[in-house]
Amino acid sequence: MATKHTRTLQIIGLNIAYYRKSKGWTQLNLAEKANISRTFMGHIEAANMSVGMTLETLLDIAAALEIEPHKLLEIRA
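Report follows, based on the coordinates.

So, how was this worked out
- Starting from 1, residues in each chain are numbered consecutively following that chain's sequence as written.
- The predicted nature of this model means local features are confined to residues of pLDDT at least 70 and side-chain atom pairs, given and counted, to a pLDDT of 80 or more, with totals for whole chains, interfaces and linings taken over all residues.
- Computation of side-chain values: all heavy atoms of the structure, hydrogens and water removed.
- Only DSSP runs of H or I covering at least 4 residues are called helices, and only runs of E covering at least 2 are called strands; the numbering of each starts at the N terminus.
- When checking whether two residues touch, look at their non-hydrogen atoms; a contact exists if any pair is within 4.5 Å.
- Between rings of Phe, Tyr and Trp, where Trp is taken as its six-membered ring, a pair exists when centres lie within 6.5 Å; planes separated by under 30 degrees are stacked, by over 60 edge-to-face, and by other angles tilted.
- When a residue's accessible area, from a 1.4 Å probe over protein chains only, is under 20% of the maximum for its type it is buried; when over 50% it is exposed; and in between it is partly exposed.
- Salt bridge, as used here: a side-chain nitrogen of Lys or Arg that lies within 4 Å of a carboxyl oxygen of Asp or Glu.
- Axes, fitted as lines to C-alpha atoms, cover a helix only where it is in contact. Angles between the N-to-C directions of the axes lie from 0 to 180 degrees.
- Polar here means any residue outside two lists: the nonpolar Ala, Val, Leu, Ile, Met, Phe, Trp, Tyr, Cys and Pro, and the charged Asp, Glu, Lys and Arg; Gly therefore counts as polar.

Let us look at the side chain of Thr 57. Tracing the backbone shows Thr 57 in helix α4 (residues 55-65). Filtering out sequence-adjacent residues up to four positions away, Thr 57 remains in contact with Ile 36 and Phe 40.

The structure is reproduced here in structure tokens:
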């Protein structure tokens with residue numbers, strides 16, 4: 001279901017996938033480091049799913065990826 005934040009959530013998910021893959025990690029690797037389920041991680045990254053998350057989860061993912069949280073919000077061309 002589309003929400004007013006669908007596009008932003010998709011961008012965040014794609015950014016998470018980008019940084020995860022740049023480290024050579026699987027979704028399971030990142031999910032374990034961020035203390036969330038692999039299924040939830042898959043939903044966050046799926047461009048067709050528009051899954052929300054708490055700010056705490058976003059910060060946990062950024063910390064696990066060892067990046068500043070704002071990088072997950074950047075729009076890349």
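From this point, the narrative continues.
Quick look at the packing of aromatic side chains now. Scanning all chains against the criterion turns up 1 aromatic pair. When the ring of Tyr 18 is compared with that of Tyr 19, the centres are 5.1 Å apart and the planes differ by 80°; the resulting orientation is edge-to-face. The partly exposed category is assigned to Tyr 18, whose relative accessible area is 46%.

For the structure shown, the criterion picks out 2 salt bridges. For Glu 45, the salt bridge is made with Arg 20, and the minimal N-O distance between the two is 2.7 Å. Of this pair, Glu 45 sits in helix α3 (residues 38-45) while Arg 20 sits in helix α1 (residues 6-22), placing them 25 residues apart in sequence. Look at Glu 45 and you get buried, because its relative accessible area is 8%. For Glu 66, the salt bridge is made with Lys 23, and the minimal N-O distance between the two is 3.3 Å. Pair noted here: Glu 66 is in the segment after α4 and Lys 23 is in the loop between α1 and α2 (27-34), with a separation of 43 residues, a long-range link. Judged by relative accessible area, Glu 66 falls into the exposed class, the value being 65%. Using a relative accessible area of 33% as the deciding quantity, one classes Lys 23 as partly exposed.

This next bit is on the packing of α1 against α3. Running from N to C, α1 and α3 cross one another at 115°; their axes reach a closest spacing of 7 Å. The residues of α3 that touch α1, namely those facing Gly 13, Ile 16, Ala 17 and Arg 20, are Met 41, Ile 44 and Glu 45. A breakdown of the residues in the contact of α1 with α3 according to their chemical character gives 4 nonpolar, 1 polar and 2 charged.

Remember, this is a structural readout, not a statement about activity or role.
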